[in-house]
Amino acid sequence: MFGFTTVNKPEMKFKEYDLYHSYYCGLCTVLKKKYGLTGEFTLSYDGAFLCALLSDLYDAREEVKGRRCGVHPGVKHVIRVSDITGYAADMNILMAMYKCRDDWNDEKRLSAKLLADLLSSKTGKTRVQYAEKAEVIKKALSDMDEIERKNVPDPEGMAELFGKCMAEVYAYKKDEWEKYLRAFGDGLGRAIYLMDAYIDIERDEKKGQYNPFSDVKDREDFEGLARDMITAHLQDACIAFEKMPLIENVSILRNILYSGIWIRFNIASGKRNPSMKKDENEREHA
């Protein structure tokens, strides 16, 4: 996954950040337990967001305790673990494996291939357990690879395919909430794919790599076009999100969805359009 679902920390209460961080540390613990150091290496904010959302929706029975780790050996951190954490770890590892394969196909980075092979060797049981999901994700990513090979600049088409992946990740159970979780995952997946493509446009051009925005990047309205596309998909995700009965973590999740998710995009936008960033700052302080 791409790491866009991060908190806007200055806008959070301390207790909210501590709660969010306990999901992150809990996911780290389970990844290491189930998949070793390699699994721990794939830890992502996206997985922590998945934990926080599903744990709230399904009122998960959580084990909460303190733990020291290699990164913070001197301080105990609160970790929050449940069956949801195990599911999030499985989805995190699957998406990491497929992303490494994609990085190898795109950039031929040996490190990506080695990590993909290592993750593949550790996810055999997981791919069997979630065979239907794994097949949908694999097929969608394969279709994305085909579009890239043909070098077809199709941002909405590519976003739709990645949305399918994320819909599978968020569809935890076949129950009354499945349609909302799928709609949420689909909208979120489309938005973060387009955000990533927007951020990487110059790097991809420099390296001669595929980017779905390649045919519109020089248009005067490119900034607004990209932002409008992303906003539309996030709105779809948020409509589904607001229909779910979330209570405990809803303020944290809203912080991420309505603010935190835009941080990396806005940083890239400010670098690409410094005059626009200056105008925004002047309006904020007027």
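Residues numbered from 1 in each chain as written. Predicted model: local features only at pLDDT ≥ 70, side-chain atom pairs only at ≥ 80, totals over all residues. Heavy atoms only, no water.

### Description of the nonpolar core
Our working rule: Only buried residues count toward a nonpolar core. Its members are Ala, Val, Leu, Ile, Met, Phe, Trp, Tyr and Cys residues joined through side-chain atoms within 4.5 Å. We call a residue buried when its accessible area falls under 20% of the maximum for its residue type, exposed when it is over 50%, and partly exposed in between, using a 1.4 Å probe and counting protein chains only. We count a stretch as a helix when DSSP gives it H or I for four or more residues in a row; a strand needs E for two or more, and each element gets its number in order from the N terminus. The contact definition used throughout considers only heavy atoms, calling two residues in contact when any of these lie within 4.5 Å.
The biggest cluster of nonpolar side chains holds 90 residues, and the ones touching the most others in it are Leu53, Tyr170, Phe184, Leu188 and Phe213. For this core, the leading source of residues is helix H3 (residues 83-107), giving 12 residues. In contact with Tyr170, not counting residues within four places along its chain, are Asp46, Phe49, Leu50, Leu53, Leu54, Tyr87, Leu181, Phe184, Gly185 and Leu188.

### Some details on the packing of aromatic side chains
Filter applied, for reference: Pairing of aromatic rings covers Phe, Tyr and the six-membered ring of Trp, with a centre-to-centre limit of 6.5 Å; geometry is then stacked below 30 degrees between planes, edge-to-face above 60, and tilted otherwise. Definition used: whenever NZ (Lys) or CZ (Arg) falls within 6 Å of the ring centre and also within 35 degrees of the ring normal, the charge is taken to sit over that ring.
What the rule picks out here adds up to 15 aromatic pairs. Between Tyr58 and Tyr172, the aromatic rings sit 5.2 Å apart at their centres with planes inclined by 65°, giving edge-to-face as the arrangement. Of this pair, Tyr58 sits in the loop between helix H2 (45-57) and strand E1 (63-67) while Tyr172 sits in the loop between helix H7 (155-170) and helix H8 (178-199), and the two are 114 residues apart along the sequence. Ring centres 5.3 Å apart and planes at 85° place the aromatic pair Trp262 and Phe265 in the edge-to-face group. We note Lys9 situated over the ring of Tyr17; from NZ or CZ to the ring centre the distance is 4.3 Å.

### Things to note about unusual backbone geometry
Among all residues except glycine, the phi angle is most often negative; among peptide bonds, the trans geometry is most common. Located in the positive-phi region is Asp59, a residue other than glycine, with phi close to 45°. Mapped onto the elements of the fold, Asp59 is located in the loop between H2 and E1. Looking at Asp59, the relative accessible area reads 67%, which means it is exposed. Phi at Asn151 is positive, roughly 55°, even though this residue is not glycine. Mapping Asn151 onto the fold places it in the loop between helix H6 (131-150) and H7.

### Details of the packing of helix H10 (residues 222-242) against helix H12 (residues 263-272)
Spelled out, the test is: Axes, fitted as lines to C-alpha atoms, cover a helix only where it is in contact. Angles between the N-to-C directions of the axes lie from 0 to 180 degrees. Roughly parallel here means an angle under 35 degrees, roughly antiparallel means over 145, roughly perpendicular means 65 to 115, and every remaining angle is called oblique. Side-chain classes follow a simple rule in which Ala, Val, Leu, Ile, Met, Phe, Trp, Tyr, Cys and Pro form the nonpolar group, Asp, Glu, Lys and Arg form the charged group, and the remainder, Gly included, forms the polar group.
Two elements in contact, H10 and H12, have axes whose closest approach is 12 Å; the angle formed by their N-to-C orientations is 175°. Compared by their axis directions, H10 and H12 come out roughly antiparallel. Residues Glu223, Arg227 and Ile230 of H10 form the contact with H12, whose participating residues are Phe265, Asn266 and Ser269. A breakdown of the residues in the contact of H10 with H12 according to their chemical character gives 2 nonpolar, 2 polar and 2 charged.

### Comments concerning the pattern of salt bridges
Note the following rule: By salt bridge we mean one thing: a side-chain nitrogen of Lys or Arg within 4 Å of a carboxyl oxygen of Asp or Glu.
Scanning all chains against the criterion turns up 20 salt bridges. When the shortest N-O distance is used, the salt bridge between Arg80 and Glu62 registers 3.3 Å. One end of the pair, Arg80, is in strand E2 (residues 77-81); the other, Glu62, is in the loop between H2 and E1, and 18 residues separate them in sequence. A residue is classified by how much of its surface remains accessible, and Glu62, at 27% relative accessible area, is partly exposed. The salt bridge partner of Glu146 is Lys150, with a shortest N-O separation of 3.8 Å. Remark: Lys150 and Glu146 occur in helix H6; sequence separation between them is 4 residues, near one turn of the helix. Several salt bridges converge on common partners, so that one network encompasses Glu132, Lys133, Glu168, Lys174, Glu178 and Arg182.

Structural measurements only, silent on function.
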